[in-house]
Amino acid sequence: MTADDLKQTYAFDYESSAFTRSLAIHADCYEWMRQAPAESIHAIVTDPPYGVKEYDPDQLEKRSNGHGGVWRIPPSFDGHNRSPLPRFTALNPRERARIQEYFYEWARLTLRLLRPGAHVFLASNVFLSQIVFAALTDAGLEFRGQVIRLVRTLRGGDRPKNAEEEFPDVCSMPRGCYEPWGIFRKPVPKDMTVGACLRTFQTGGLRRKPDGNPFEDVIESERTPQKERSIANHPSLKPQSFLRQIVYASLPLGKGIVLDPFMGAGSTLAAAEAVGYTAIGIEKNREYYAMSLRAVPALSLSGTKESQLSLKIA
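Residues numbered from 1 in each chain as written. Predicted model: local features only at pLDDT ≥ 70, side-chain atom pairs only at ≥ 80, totals over all residues. Heavy atoms only, no water.

Break down the packing of aromatic side chains for me, citing the residues and quoting the values.
Pairs of aromatic rings are described using the distance from one ring centre to the other and the angle between the two planes. In the structure shown here, the tally under the stated rule is twelve aromatic pairs. Measuring from ring centre to ring centre gives 6.2 Å for Y248 and Y277, while their planes differ by 10°; the resulting arrangement is stacked. Residue Y248 is located in helix α8 (residues 240–250), and its partner Y277 is located in the loop between α9 (267–275) and β11 (278–283); the two are separated by 29 residues in the primary sequence. You'll find Y248 and Y277 in the same group, each marked buried. The lysine or arginine in question, R149, covers the ring of F242, its NZ or CZ lying 5.5 Å from the ring centre. (Phe/Tyr/Trp six-rings, centres within 6.5 Å; stacked < 30°, edge-to-face > 60°. Helix = DSSP H or I, 4+ residues; strand = E, 2+ residues; numbered from the N terminus. Buried < 20%, exposed > 50% of the residue type's maximum accessible area, 1.4 Å probe, protein only. Lys NZ or Arg CZ within 6 Å of the ring centre and 35° of its normal.)

Okay, structure coming up:
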């Protein structure tokens, strides 16, 4: 399916922009998912905003100003300015219930869109993963495990706030060294084997690595390189070196459509372009949608030529 074919089938009346094999759409993903053709998506790879308030306009403004709101501005560390991060530890019971409801509804729409046997890769964090993952399974998706992205950051490990000198040998929480990505699957039809599902729907499993080894659930990663951040200044930008591995694994036969309903700056689309896949991205924030139009082509070409070709479809 070409980018023009994607536009004719999936853009509807929304503003959209086509790339080589992908399509970015400026829309609310809930509205779009209710209209998109049923059972037409082969995989979802996404890093959602968790449906609370961290990407509301007023919260983004507070983040830009460097104070207030749900975004915590960590202190500098050895001369390095640390990136803001949402204060998920400070969410109250009502906000946690909102997250559960948000993802339950989202998962129901996901089940409508996905082909039987299709996989979902969903980024999460250690504070909310139990709520989010339970909501998806309650809605009917199968939990198939996690990908642990090993990445050492400067987050966490702080001494108690306003008591650093009094308790120098204490940290209020561990230094973060991993990021959990939930793996889910729309159930394979009853009495259908994975092999039959692959033949019928091109879904049901995960694509092995280019060297023939199985896809693994622990991936050593890096912090997003400054070169990529200079292309797309999105607060949750994931590195292409990691995303390309996830996207590549999501289509077991290397065929079909990968959807990112929370596209942000388009890093999932860029990864899909880099490995030769077809993808659709949905983003309701106009600033991030506009950013993706410039970022997707540039990010898809980032990294060494060898790293791009290592995951290319034969």
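Give a detailed account of helix α5 (residues 129–139), specifying residues and quantitative values.
Among the residues of α5, those classed as buried are S129, I131, V132, F133, A135, L136 and A139. Against α4 (93–113), β6 (114–123), β7 (142–150) and β8 (178–185) lie the buried residues of α5. Positive phi appears at G140, one or two residues downstream of α5, with a value of about 125°. (Contact = heavy atoms within 4.5 Å.)

Go over the pairing of β6, please, and point to the residues and values.
Counting buried positions over the ten residues of β6 gives nine, a clear majority of the element. Pairing between strand β3 (residues 41–46) and β6: five bridges, direction parallel. Its bridge partner being in β6, T46 is matched across the sheet by L122. Here β6 pairs with β8 via five bridges, running antiparallel. What sits directly across from A123, in β8, is W181. (Pairing = 2+ DSSP bridges.)

Describe the nonpolar core, naming the residues involved and giving the relevant values.
Counting residues in each nonpolar core, the largest one holds 40 residues, and the members touching the most others are Y10, W32, F103, W106, L136 and I280. At eight residues, the largest contribution of residues to this core is made by α4. Contact partners of W32, with chain neighbours within four places excluded, come to Y10, F12, Y14, I25, A27, L113, L259, I280 and I282. Core analysis: the next-biggest nonpolar cluster, separate from the first, contains 36 residues, L237, L243, I246 and V275 among them. (Core = buried A, V, L, I, M, F, W, Y, C linked by side-chain atoms within 4.5 Å.)

Provide a residue-level description of a nonpolar patch on the surface, including the pertinent values.
Residues V126, L150, Y178 and V218 make up a contiguous nonpolar surface patch of about 320 Å² in total accessible area. Positionally, V126 belongs in the loop between β6 and α5. Assessed through its relative accessible area of 38%, V126 is described here as partly exposed. (Patch = residues over 30% accessible without salt bridge, like charges linked within 9 Å, V, L, I, M, F, W, Y side chains within 5 Å. Areas by Shrake-Rupley, 256 points an atom, 1.4 Å probe, with all protein chains shown as cover. Salt bridge = Lys/Arg side-chain N within 4 Å of Asp/Glu carboxyl O.)

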